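# Chain and residue survey
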Amino acid sequence: KKKKMSKNNNTSHHLVAGTAAGMITTIILYPLDLLKVRFQVNTANKLYPSIFAGLKSITKTEGILGLYQGMWPGLLGAGVSWGGYFYLYENAKKRWMDSPDKVLHPGHQILASFEAGCALVLLTNPIWLIKTRLQLQIRNQNLTSQLVTNSSNIPSTAVTTRVYKGMVDCGITIVREEGILALYKGVVPALLTPHGVVQIVVYEYLKKIIPSRENAPERALQTLTIGAIAKVIAGTATFPFQVIKSRIQKRNSEYKGNTEFKRCIDCIRQTWKNERIYGFFKGGWTNAIRVAPGAAITFACYEE
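Rules of the game
Residues numbered from 1 in each chain as written. Predicted model: local features only at pLDDT ≥ 70, side-chain atom pairs only at ≥ 80, totals over all residues. Heavy atoms only, no water. Helix = DSSP H or I, 4+ residues; strand = E, 2+ residues; numbered from the N terminus. Contact = heavy atoms within 4.5 Å. Expected span 1.5 Å × (residues − 1). Bend = angle between axes of the 7 residues up to and from the residue. Buried < 20%, exposed > 50% of the residue type's maximum accessible area, 1.4 Å probe, protein only. Salt bridge = Lys/Arg side-chain N within 4 Å of Asp/Glu carboxyl O. Axes fitted to C-alpha atoms, helices over the stretch in contact; angles between N-to-C directions. Parallel < 35°, antiparallel > 145°, perpendicular 65-115°, else oblique. Nonpolar A, V, L, I, M, F, W, Y, C, P; charged D, E, K, R; others polar. pLDDT = per-residue confidence, 0-100. Left-handed = near helix turned anticlockwise from the far one by under 90°.

### Some remarks on the environment of Leu120
Checked against the element boundaries, Leu120 lands in helix H4 (residues 106-135). For the pair Leu120 and Trp82, spaced 38 residues apart in sequence, the C-alpha to C-alpha distance is 9.1 Å. Aside from chain neighbours lying at most four places away, what touches Leu120 is Val80, Ser81, Gly84, Tyr85 and Leu88.

### Description of helix H10 (residues 260-279)
Side chains three or four residues apart in an α-helix point the same way, a direct result of the helix having 3.6 residues per turn. With 20 residues, H10 extends only 20 Å from end C-alpha to end C-alpha; this falls clearly short of the ideal 28 Å at 1.5 Å per step. The sharpest bend along H10 reaches about 85 degrees and sits at Lys273. Among all positions of H10, only Glu260, Arg263, Cys264, Asp266, Cys267, Thr271, Glu275 and Gly279 are buried. Considering only its buried residues, H10 is in contact with helix H7 (187-192) and helix H9 (216-249).

### With respect to the environment of Ile127
Structurally, the position occupied by Ile127 is in helix H4. On the basis of relative accessibility, which here comes to 15%, the residue Ile127 falls in the buried class. Sequence spacing of Ile127 and Gly74 is 53 residues, and the spatial spacing of their C-alpha atoms is 7.6 Å. Once you skip the residues sitting within four places of it in the chain, Ile127 turns out to touch Pro73, Leu76 and Gly77.

### Points about the pattern of salt bridges
One pass over the structure, following the stated rule, counts 16 salt bridges. We note a salt bridge from Lys207 to Glu204, for which the minimum N-O separation is 3.9 Å. Within this pair, Lys207 and its partner Glu204 are both found in helix H8 (residues 195-209), separated by three residues, close to a single helical turn. Looking at Glu204, the relative accessible area reads 10%, which means it is buried. Across the pair Glu254 and Lys250 runs a salt bridge, and its minimum N-O distance is 3.3 Å. Salt bridges here are not isolated pairs; linked through shared partners, they connect Asp33, Lys36, Lys131 and Arg290.

### Structural notes on the packing of H4 against H9
Working note: a packed helix pair is described by the angle between its axes plus the distance between those axes. At a minimum axis separation of 9 Å, H4 and H9 run at an interaxial angle of 70 degrees. Relative to H9, H4 is oriented roughly perpendicular. Where H4 abuts H9, its residues Asn125, Trp128, Leu129, Thr132 and Arg133 lie against Lys245, Ser246 and Gln249. Partitioning the contact of H4 with H9 into residue classes produces two nonpolar, four polar and two charged.

### Concerning the confidence of the model for the protein chain
Here the protein chain averages 82 in pLDDT, while 82% of its residues score no lower than 70. Within the protein chain, the element-level pLDDT minimum falls on helix H5 (residues 141-150), averaging 48, and the maximum on helix H6 (residues 167-178), averaging 95. Across residues 1-5 the pLDDT falls below 50, and counting only partners more than four positions away or on other chains, this stretch makes one contact in the model.

### Some words on the packing of H4 against H8
Between H4 and H8, the shortest axis-to-axis distance is 8 Å and the interhelical angle comes to 145 degrees. Crossing angle aside, the handedness with which H4 passes H8 is right-handed. Along the contact surface, H4 presents Gln109, Ile110, Ser113 and Phe114, while H8 presents Gly196, Val197, Ile200, Val201, Glu204 and Lys208.

### Some remarks on the side chain of Lys131
Here Lys131 is to be found in helix H4. A residue is classified by how much of its surface remains accessible, and Lys131, at 7% relative accessible area, is buried. Among residues more than four places away in sequence, those in contact with Lys131 are Tyr30, Asp33, Val37, Gly70, Pro73 and Gly74.

Here it is as C-alpha cells:
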C-alpha cells in the first residue's frame, strides 16, 4: 500500500512540477512567443528587420502590454499542457512496463509520448486557438487602421483589428461567428506534429548516454543543457507544422477547404508557391531563442 501511495505521489509531483514550470517559462518568455506567431502568419513583406526591432516596434506602437497580448490563455495552455503532458507520459510509461524493475525501451517512450501528446492536443487546441487570435490583434484600437494600411513594418497579413476583448470574449465570439468546430482549427497539423515525441525521446536518450553529475549544481546545469538541446531539435524538426497551424488559426484565414485536412493542404500549397521553403520556417530563430531556455527551465523543475 505504501509503495502504491509513493507511486501516486510521484505522479502527482510530475503534474505539479510540470504545471508550475510551464507557467513560469511562459511568463518569462511570452514576448518572444507573440513575436514568433506574428512572424509565422506574415505572408507579405518582411515583418520586422530583427527580433529586437520587432519587440521595440510592438512596445512603441502598442505599449509594453502589447507584448503580452493573449498571455492568459497562454498561461492556461502552458500549465495544462506541461503538467498534463508529464502526468500522462509518466502514467503511460508505467502501463508499458510489466514490472517496476523492467527497463523501458525507446519504443515504449515514443508510444507513451505520442499518447500523452495526442490527448493534450485534443484538450488544449481551443486554448491555443484563442491565444493565437489575441496575439494577432493590435492592442491599441486607435492605431490599428494606421498600422495596417501605412506601416511597412506591420503588414495587414500579420495583424487584425481589435475584435476580441479578452480570452472569454474571444472564445464566445469564435463559436458565435464560426461555429463550435472552429475551436479545433489547426488540430490536424497539431496532431501530425510529433514535437513532444521528438523532444522527450531526445531528452531521455541524452540522459542515458551522459553520466549524471553527483554535484547538485552540476546536475542542475546538465539538466538545463539537455532540456534545451532536446527542445531545439524538436522545435526545428517540427516547425513547419507549427507555421501551418498558426496560419490556419488566424482570423479570416485565406486557406480554402470544407475540412481541416483540405485547409492544411491548401496552406502547404500556397506557402510553397509564394514563399518556398523559407515560408515554412518564418519565426524559426525567434522560436529557437524562446524554446531553449524555456525547455531548460521546465525540465529542471520537472526533474528537481
